[in-house]
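Here's the letter readout for the chains.
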Amino acid sequence: MRHEHHSGPGIYVIIWIALMVLTVVTVVTGRMHMPDWGLALALVIASVKGTLVALYFMHLSEHQGANRLVFGCSMLFVVLLLLFTLFDIGTRFRPTLAPNGHPIQWPVATGQSLPYEGQTGPAPLVPTH
């Protein structure tokens, strides 16, 4: 039977503190208004936290061979999935917002012809009553 060497408790405390700091950063940045980079920042922080948990609390940093290959490939595909999603979201149409923060009208024709409160143009996305 093989005896595996595990890290001492110090590394677990350091990783736990790093996870707590990243959690505070997530909460603080979540309350800030960052329409362009908020989602990307949240995904990066979540990916770093997940990687720390997998490497140290699941002991993947101490494994050799196939386990490292599987972990590396999975991280590569997670990064690719997130990048393709963010590129897709970043190139979509952003509708014009009214002063109340809601879109003025649908970005595409919907066939709806019900005016709201005397409006003669297309129906708004969110009724104002």
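These lines cover the structure that appears in this document, whether it is placed above or below. Along each chain, numbering runs from 1 in the same order as the chain's sequence is written. In view of the model being predicted, local features appear only for residues whose pLDDT reaches at least 70, and side-chain atom pairs are presented and counted only at 80 or more, with totals across whole chains, interfaces and linings using the full set of residues. Side-chain measures were taken over the full set of non-hydrogen atoms in the model, leaving aside hydrogen atoms and water.

**Section: the nonpolar core**
Core analysis: the largest hydrophobic core is formed by 5 residues, namely Ile15, Leu19, Leu22, Ile45 and Leu52. Secondary structure elements follow DSSP: runs of H or I of four or more residues count as helices, runs of E of two or more count as strands, with numbering from the N terminus. The set of elements that each furnish at least two residues to this core consists of helix H1 (9–31) and helix H2 (38–57). Those residues in contact with isoleucine 45 that lie beyond four places of it in its chain are Leu22, Val25, Thr26 and Thr29. Side-chain atoms within 4.5 Å link the members of a nonpolar core, which is a set of buried Ala, Val, Leu, Ile, Met, Phe, Trp, Tyr and Cys residues. The rule is simple: take the accessible area with a 1.4 Å probe, protein chains only, and divide by the maximum for that residue type; under 20% is buried, over 50% is exposed, in between is partly exposed. Here, residues are in contact when the closest pair of their heavy atoms is within 4.5 Å.

**Concerning the packing of aromatic side chains**
Note on aromatic contacts: the rings of Phe and Tyr and the six-membered ring of Trp form a pair at centre separations within 6.5 Å, being stacked when their planes are under 30 degrees apart, edge-to-face when over 60 apart, and tilted otherwise. Inspection of every chain in the model, using the stated rule, returns 1 aromatic pair. Where tyrosine 12 meets phenylalanine 57, the ring centres are 5.7 Å apart and the plane angle is 25 degrees; that geometry is what we call stacked. Of the two residues, tyrosine 12 is situated in helix H1 and phenylalanine 57 in helix H2; the sequence distance between them amounts to 45 residues. With relative accessibility at 36%, the residue phenylalanine 57 sits in the partly exposed group.

**Observations concerning H2**
End to end, H2 covers 28 Å across 20 residues, agreeing with the expected 28 Å (1.5 Å per residue, within 8%). The complete set of buried residues in H2 reads Ala40, Ile45, Leu52 and Ala54. Close packing links the buried residues of H2 with H1 and helix H3 (66–90). One or two steps after H2, the chain reaches histidine 59, where phi turns positive at roughly 60 degrees. Helix span, as expected, comes to 1.5 Å for every residue beyond the first.

**Structural notes on a nonpolar patch on the surface**
Residues enter patches when they are more than 30% accessible in relative terms and free of salt bridges; like-charged ones are connected within 9 Å and nonpolar ones (Val, Leu, Ile, Met, Phe, Trp, Tyr) within 5 Å. Residue-level accessible areas treat just the shown protein chains as cover; the underlying method is Shrake-Rupley with a 1.4 Å probe. Just to be clear on terms, a salt bridge is a Lys or Arg side-chain nitrogen sitting within 4 Å of an Asp or Glu carboxyl oxygen. On the surface, a cluster of nonpolar side chains totalling about 790 Å² of accessible area is made up of Val13, Trp16, Ile17, Met20, Val21, Val25, Val53, Phe57 and Met58. If you list the elements that add at least two residues to the nonpolar patch, you get H1 and H2. The biggest single contributor to the nonpolar patch is H1, with 6 residues. Considering the arrangement of structural elements, one finds valine 53 in helix H2.

**Section: the packing of H1 against H2**
When two helices pack together, you describe them by how their axes are tilted relative to each other and by the distance separating the axes. The contact between H1 and H2 brings their axes to 10 Å, and the two run at 165 degrees. Taken together, the axes of H1 and H2 are roughly antiparallel relative to one another. The two elements H1 and H2 cross, and the hand of that crossing is left-handed. Between H1 and H2, the contacting residues are Ile11, Tyr12, Ile15, Trp16, Ala18, Leu19, Leu22, Thr23, Val25, Thr26 and Thr29 on the first element and Leu41, Ile45, Val48, Lys49, Leu52, Val53, Tyr56 and Phe57 on the second. Grouping the constituent residues of the contact of H1 with H2 by class yields 15 nonpolar, 3 polar and 1 charged. Fitted lines through C-alpha atoms give the axes, limited to the stretch in contact for helices. The angle between two N-to-C directions lies from 0 to 180 degrees. Working definition: roughly parallel below 35 degrees, roughly antiparallel above 145 degrees, roughly perpendicular at 65 to 115 degrees, and oblique for all remaining angles. When the near helix sits turned anticlockwise from the far one by under a right angle, the crossing is termed left-handed; a clockwise turn instead gives a right-handed crossing. Residue classes follow a fixed rule: Ala, Val, Leu, Ile, Met, Phe, Trp, Tyr, Cys and Pro count as nonpolar, while Asp, Glu, Lys and Arg count as charged, and any other residue, Gly among them, counts as polar.

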